[in-house]
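# Coordinate analysis (summary)
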Amino acid sequence: MDFNHNLFALMPVLPLLGWLVLIVWGKNMKEPTPGILASSLVFLSFVLAVVGFVQVSPMKEPLLNTLRWDFLPMWVSDAKGVLVSKPLQFGFALDHLSSIMTLIITGIGFLIHVFAIGYMHGDKGFSRFFAYLNFFIAMMLILVLADSYPVLFIGWEGVGVASYLLIGFWYTDVKNSDAARKAFIVNRIGDAFLMLGMFLLFMTFHTLNIHEINSSFGSVVIPNVTTISTGIAFGSPPLELAALFLLLGAAGKSAQLPLSTWLPDAMAGPTPVSALIHAATMVTAGVYLVARSHGIFANAPGASSWVMWIGALTAVYGALSAIAQTDIKKILAYSTVSQLGYMFIAVGSGAYWVGIFHVATHAFFKALLFLSSGSVIHAVGGEQDVRQMGGLREKLPTTHIVSLIGTLAIAGIIPLAGFFSKDAILSSVFTSPFGGDFSGYAIWAIGLIVAFLTAGYMWRWYSLVFLGTYRGHAHPHESSSVMTVPLWILAALSVVGGFIGLPHFLGKNVNWLEGFLEEAAPNALGFHEIPLWGELILIALALAAAVGGILFSRWIIARDGVNSAGWIATRFGNASRKALFVDQTYDIAVSAPAKFISEQLELADTHGLDRGIGALANGTAEAGASLSVWQSGFVRAYAIAVLLGTAILVGYLALRSFA
Amino acid sequence: MVVFVILAVLAIAGAIGTISFKSGIYSALSLVGTLLTLAMMYVTLHAQFLASVQVMVYAGAIMVLFLFVIMLLNESQMSGADPLPWVQPVAIAGGIVLAAALAFTAFQFKAPKNLETATAALQGGTPGAIGETLFTKFLLPFEAVSILLLIAAIGAVSLVHRQPAHNEALETTSEHATDNAYSDETSSNPAKVVA
Amino acid sequence: MVETQYYIALAAILFSIGAVGFLTRRSAIQMFLCVELMLNAANLALVAFSRAWGDLLAQSAVFIILTLAAAEVAIGLGIIVAIFKKRPTTNVDVLSSLKG
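Quick notes on the rules
- Residues numbered from 1 in each chain as written.
- Chains lettered and ligands numbered in written order.
- Predicted model: local features only at pLDDT ≥ 70, side-chain atom pairs only at ≥ 80, totals over all residues.
- Heavy atoms only, no water.
- Contact = heavy atoms within 4.5 Å.
- Buried area = accessible area lost by both parts, 1.4 Å probe.
- Helix = DSSP H or I, 4+ residues; strand = E, 2+ residues; numbered from the N terminus.
- Nonpolar A, V, L, I, M, F, W, Y, C, P; charged D, E, K, R; others polar.
- Buried < 20%, exposed > 50% of the residue type's maximum accessible area, 1.4 Å probe, protein only.
- Axes fitted to C-alpha atoms, helices over the stretch in contact; angles between N-to-C directions.
- Parallel < 35°, antiparallel > 145°, perpendicular 65-115°, else oblique.
- Patch = residues over 30% accessible without salt bridge, like charges linked within 9 Å, V, L, I, M, F, W, Y side chains within 5 Å.
- Areas by Shrake-Rupley, 256 points an atom, 1.4 Å probe, with all protein chains shown as cover.
- Salt bridge = Lys/Arg side-chain N within 4 Å of Asp/Glu carboxyl O.
- Lys, Arg positive; Asp, Glu negative; His and termini not counted.
- Charge placed at Lys NZ, Arg CZ, Asp CG, Glu CD.
- Polar contact = N/O pair within 3.5 Å; in protein donor to acceptor, adjacent residues only side chain to side chain.

## Here's the deal with the interface of chain B and chain C
- Contacts between chain B and chain C engage 85 residues on the former and 72 residues on the latter.
- In total, about 7100 Å² of surface goes out of reach between chain B and chain C, with carbon and sulfur atoms giving 79% of it.
- Considering each element in turn, the side of chain B that touches chain C owes the most residues, 12 residues, to helix H3 (residues 48-73) of chain B.
- Residues of the side of chain B that touches chain C, tallied by class, amount to 60 nonpolar, 18 polar and 7 charged.

Shown next, in the form of structure tokens:
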């Protein structure tokens, strides 16, 4: 029925409505009203997402809304080379992949909305905050529901705007607005590449409809594959190039190297924002983009191995940077960078469901961790330095328990959510068809090291905040139930979230997620088979890395106490605390030359252009002034000009007839 | 031809008088002379109706209006040095060039028809003949010009119309009063106190 | 019959005299008189051409021009009177506040 087909398209409309209402009338509302309005609209969207999920589950084709309109005029040359109009339609599509994403976005988004009602209590910009949050949800839903790249791009830019607005939410502090600008600008770089990718895709496929592009590959043929000496296969050049452009676009949004520097600074925003946008949803848009474009990436082995490598380097970069941070949110921010790297490894390996799996589990436990740290910050009166915390186990019992669950989940302890997704990533990269002779194993090893580091820094985070004795001066108190209930729900999800993607050897159809995404994001072809014992060894190694990381961290903290980071600092020369000097590198490599060029240009401007223009203006003015003698104001002076002109003209005519 | 020469001399003499008398009244009267001469010339050109209109409207009404204004303003002779002394010789030279060029061009004119037959077609330029043209081919301009005359009459009235003063007594008693004619009458105007 | 050319030449001379007068007189009213003179010169030319072509159209046009002249004089003199009320002079050289 028509109505059923269009129901899911209401999902982004509802929060957009909330945004409109709040931005127009929000100022007149008393405090909890905007929060309740915004939360309930997102909850309605969540209900719609559930309905859509139920609708789409038995289907093979994506659900398309029937209300659509021509939105971009486009011309395509047909077989005879004649240009025919083929306008792009603005439309939404709900398939299994986007259905999972809508559930995550609206579900987690709803919980964070509720949490924020408590967290933002008393803030001047209460209604503005919820207006932005609703706007973000709407744009994110447009992003995942888009059935073509330009529509996706609308959402892509929209979430960028929302992110900018929310990072700089407390814009009176220049540090915050700087961070917002940084995020925006770095994102623009990625967006430019995404646009290039779109152009290239349009040239190659004559369409920008995602589903048409994906289905145009059929299911078998990898066109035009050549193998070069490293053993890595390459697809057709335009495809590889388009995939690389998309990868750079995704890297911007998902804070992958080299565009990763904005995410840690983005923690300047309110903590619910960090949880929602910069951990759970928006930053996974890059992963979603790669999974969404699975047809392209599955047929672009070269670009896919790049995805893996970028993911691996980012993962290790984020993990190393997280070790020595002292800001409770910065640790989680670098951890997010690292985990996003994990997701890129997964989608790069060709196992797209694994990437989405980690997106989901990561959304659960990272949102949980961020909200917990928000609860902690709230409790200790705005303090963010972990060295000023400690011993909060007794004072914040609820927060403590859920944080412990989150820590163990992200560390990858069986049977919490992170264990299954991390294991799935490691085994998929080990068997990846894009790994070549060497890359797959190397990335697998990096992943293992990162798992070890993750467990280590997360345990450090947990013990510095909750264990030991309190080192600060505030009077911590547990948060209200409007904040703790979302924490409990997220904690529960972090525990059971992993069961949607159990490993294969436990039974034939136990991996529900892979089966669910079989149509929407099928695996690339050519995964290696490894025997059961091999898989068991992989799992054991991952688990060992996690446990080893925790134990190692315990040992260091027992030895060095609060200043455990000092141990790192003395050995790596502040590299970790300064996030491996990536920001500094940008300063030297990009900012300094840009600044130099700008200064030179400014000199040229003031001394060259300005003077030239000034001289021109003065010259014109002087010429005008000298001509203004004629405008004497005397009527007779004007009249004689008329007379003389007439005399000359008539005289000329007379002379001409005479000649 | 003799008549023409006499009339032409008279017309030119009147024109020169118009531009050379210092007094505005003499100037205007000289122009009346020229206009009357031209009216006579219109008769020789078989434009009887125009000749009478010229006498009545131009030499009569319009020039009387001029004279009225000249006398109303009663302006003394132009005083002070001419700020544009160079205009006069240049103007005379330019005028001579223009007259010569125009006259020279005039003698290039080739009569398109035999003058006698053409003259006959004019029917003497009687009011009946003119009226036929005016109310057929020239109907629209005729009506338009009547509206224009109406507008001009209203415009002239509004231009010279004396602004209605709120307080005529004040106006006559105090110079400030005209400036303050529109100001709040209850304000503490010293002029009012004096009044 | 006097040929058309002589009338035209006379019109040219009258027109030029009017133009010269317009430039040499400094009183706005006298300048206005000169404009009337120029207008009459043009009328004379039209009437002369009317006879040359044997067509009454030009005479009708002269009639219209006469009416226009009446309107123009009414407005022009009105303007002069209005200016005179602001600044008691008709000397156009004094009225030069539009100077560039």
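## Let's talk about the environment of Ala474(A)
Residue and element names in this part refer to chain A.
- Note on placement: Ala 474 falls in the loop between helix H20 (439-466) and helix H21 (481-496).
- Here Ala 474 falls in the partly exposed class, since its relative accessible area comes to 26%.
- In this structure the C-alpha to C-alpha distance between Ala 474 and Ala 379, which are 95 residues apart in sequence, comes to 8.3 Å.

## Describing the packing of helix H2 (residues 24-44) of chain B against H3(B)
All names here are of chain B.
- Contact pair H2 / H3: the axes reach a minimum separation of 9 Å and the direction vectors enclose 175°. Comparing the axis directions of H2 and H3 gives the class roughly antiparallel. Along the contact surface, H2 presents Gly 24, Ile 25, Ala 28, Leu 29, Leu 31, Val 32, Leu 35, Leu 36, Leu 38, Ala 39, Tyr 42 and Val 43, while H3 presents Leu 50, Ala 51, Gln 54, Val 55, Tyr 58, Ala 59, Met 63, Leu 67, Ile 70 and Met 71.
- Looking at side-chain class alone, the contact of H2 with H3 contains 20 nonpolar, 2 polar and no charged residues.

## As for a negative patch on the surface
All names here are of chain A.
- On the surface, a cluster of negative charge is made up of Glu 599, Glu 602, Asp 605 and Asp 610.
- With respect to the secondary-structure elements, Glu 602 resides in helix H25 (residues 582-627).
- Judged by relative accessible area, Glu 602 falls into the partly exposed class, the value being 48%.

## Topic: the interface of chain C and chain A
- Taken together, the contacts link 14 residues of chain C with 11 residues of chain A.
- Counting the surface lost from both chain C and chain A, the interface buries some 980 Å², and carbon and sulfur atoms represent 67% of this.
- At the boundary of chain C with chain A, the tally comes to 0 salt bridges.
- Here chain C is connected to chain A by 1 residue pair in polar contact (both at pLDDT 80 or more).
- The dominant element in the side of chain C that touches chain A, judged by the number of residues it contributes, is helix H1 (residues 4-24) of chain C, at 4 residues.

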